[in-house]
There are 2 protein chains.
Amino acid sequence: MSADPSARRGIPDATVARLPEYLRALTGLAERGITSVSSEELAAAAGVRSAKLRKDLSYLGSYGVRGVGYEVDHLAYQISRELGLTQDWPVAIVGMGNLGHALAAYSGFATRGFRVVALLDQDPAIVGQEIAGLAVQPMSELTALVSEQGLAIGVIATPAASAQDVCDALVAAGVRSILNFAPCVLVVPDGVDVRKVDLSTELQILAFHEQRKALASPAALRKAVAP
Amino acid sequence: MSADPSARRGIPDATVARLPEYLRALTGLAERGITSVSSEELAAAAGVRSAKLRKDLSYLGSYGVRGVGYEVDHLAYQISRELGLTQDWPVAIVGMGNLGHALAAYSGFATRGFRVVALLDQDPAIVGQEIAGLAVQPMSELTALVSEQGLAIGVIATPAASAQDVCDALVAAGVRSILNFAPCVLVVPDGVDVRKVDLSTELQILAFHEQRKALASPAALRKAVAP
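Keep in mind it's a predicted model, so treat the numbers as computed, not measured.

Participant: I tried to follow the sheet that holds strand S8 (residues 177-180) of chain B on my own but got confused; where do I start?
Facilitator: Two strands in a sheet stick together by hydrogen bonds in their backbones, pointing the same way (parallel) or opposite ways (antiparallel). Residue and element names in this part refer to chain B. Read across the sheet, five strands follow the order S4-S3-S7-S8-S9 without closing on themselves; strand pairing throughout is parallel. The sheet is open, and its two borders are formed by strand S4 (114-120) and strand S9 (193-196), each paired with just one other strand. Within this sheet the neighbouring strands show an average axis-to-axis angle of 25°, counted without direction. Relative to S9, S8 is paired through four bridges, and the arrangement is parallel. Across the sheet, residue Ile178 finds its bridge partner in S9, namely Val194. The sheet strands contacting helix H9 (residues 160-173) are strand S3 (89-94), strand S7 (153-156) and S8, and the helix crosses S7 at an angle near 170°.

Structure (structure tokens):
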């Protein structure tokens, strides 16, 4: 029926969740001028085992070459295509506090195929201000943004107290994919995907390694063997 | 030698990387008043397969109870302890632009055991300003923060152009764990851990599902089968 590879094959959600990590690792390699990578190196960079990596990439029809590995640019393209990043995704950011400001200026969205087409805020005092080259619009513009600009993804950068109201407005306007930076759980109808960003996730992984380093230090050993 | 469980057992890095996801899912369940959860439910909430979840949790000595599953609060505590979150980690944020402001005010750090003890900036015009209850300090204070406050983790929220300089200053002061929000690759000596945050990761997962939804819609099917 469809020309798109992801519609033909079933890719496990757990694999989908790891693809951005592989893409991030590949982008890092490309930035350092590395053009090919072994499955072991790429797996180490992405923090998975190489058998898992090879299995994940096999869902994309990508098997690498024995003794050579994967071509960095080509694999990055394959993953981008699978994730739908080779097309342009119009994104709106709602909530123009510090986080909204930071997200509006974040260059990492554009390089991943996400085009910020609108910034919105519920506060009339903020509507009309220009941020990162865009005039902040009122929430009443949402429906027009969906029908006229094809707005597909809404990013919620409001305080927790107003996040559900903003979420309801996005859903009512027809947005079916929501990225939530507010520290709260959102309730949405079936057919709407919500991903919640926890900015402390990477800190937690660092804490694990920091703890391990601290325990391996002489002071910690003395403390641990003390009576 | 040590009383800490993580020092006795080797937990694979890939498992460590998934623990924050499990903790996030458990926190979400607890917020909704749910006190026990099956491995299938928890695996679905975290986006992994249940066999993987059970294997990961077995490294923590946590096996659940047949027919009952896992006790939400207790498992959250076990994961927190394993990640080192039951102790207090002093954190400094460097770079007080919009992202730095947003991170300074982010409540999710404190609830995870990360205490923001210092905000710093290279710009003398910003030093001394009060943000989220803390006066912004100059970079020259870093060494004192490490020795006097036990500063363990540095968060870089600067533009890409100054991130490496800031990173070098953190490392020189004795910080061995760095969380990098700047869109660039940092070079650090052995023994220093760097994690790079890509704010577009979750957007990429949403794009995959958005693409699948779009392909399943009648308009997309008509387009796909057109000659």
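Participant: What's the story with the pattern of salt bridges in this structure? I'm lost.
Facilitator: Any two side chains of opposite charge can pair, so long as their charged atoms come close to each other. In total, this model carries 18 salt bridges over all chains according to the counting rule given. A salt bridge links A:Arg54 to A:Glu40; its shortest N-O distance comes to 3.6 Å. Of the two residues, A:Arg54 is situated in helix H4 (residues 50-58) and A:Glu40 in helix H3 (residues 39-46); the sequence distance between them amounts to 14 residues. Residue class for A:Glu40 comes out partly exposed when judged on its relative accessible area of 46%. With a closest N to O distance of 3.2 Å, A:Glu210 and B:Arg176 form a salt bridge.

Participant: Hey, could you run me through the packing of aromatic side chains in this one?
Facilitator: Two aromatic rings, taken as a pair, are described by how far apart their centres are and by the angle between their planes. All names here are of chain A. Taken as a whole, this structure holds two aromatic pairs over all chains when the rule is applied. A centroid spacing of 4.9 Å and a plane angle of 75° characterise the contact between Tyr106 and Phe109, whose relative ring orientation is edge-to-face. With respect to class, Tyr106 is no different from Phe109; both count as buried.

Participant: What is the right way to look at the domain arrangement of chain A in this model?
Facilitator: One frequent convention defines the size of an interface as the accessible area lost when the parts assemble. Partitioning chain A into domains gives domain 1 (5-83) and domain 2 (89-196). Summarising the inter-unit geometry, the C-alpha centres of domain 1 of chain A and domain 2 of chain A are found 30 Å apart.

The rules behind the values
- Throughout this document, residue positions are counted from 1 along each chain, in the order its sequence is written.
- Each chain is given a letter, starting from A, and each ligand a number, starting from 1, according to the order in which they appear as written.
- Selection of residues for local features in this predicted model requires a pLDDT of at least 70, selection of side-chain atom pairs for listing and counting requires 80 or more, and totals for whole chains, interfaces and linings are taken over all residues.
- Derived side-chain values reflect all non-hydrogen atoms in the structure, with water molecules and hydrogen atoms excluded from consideration.
- By the convention used here, strands pair only if DSSP detects at least 2 bridges between them.
- Each helix is a run of H or I in the DSSP string that is no shorter than four residues. Each strand is a run of E no shorter than two, and both are numbered from the N terminus.
- Throughout, an axis means a line fitted to C-alpha atoms (over the contacting stretch in the case of helices), and angles, computed between N-to-C directions, take values from 0 to 180 degrees.
- Contacts: residue pairs with any heavy atoms within 4.5 Å of one another.
- Salt bridges, as used here, are contacts in which a Lys or Arg side-chain nitrogen is within 4 Å of a carboxyl oxygen on Asp or Glu.
- In this scheme, a residue with accessible area under 20% of its type's maximum is buried, one over 50% is exposed, and one in between is partly exposed, where area comes from a 1.4 Å probe on protein chains only.
- Here a Phe, Tyr or Trp ring, Trp counted by its six-membered ring, pairs with any other such ring whose centre lies within 6.5 Å, and the pair is stacked when the planes are under 30 degrees apart, edge-to-face when over 60, and tilted otherwise.
- For every domain, the bounds stem from an assignment made automatically or drawn from a database.

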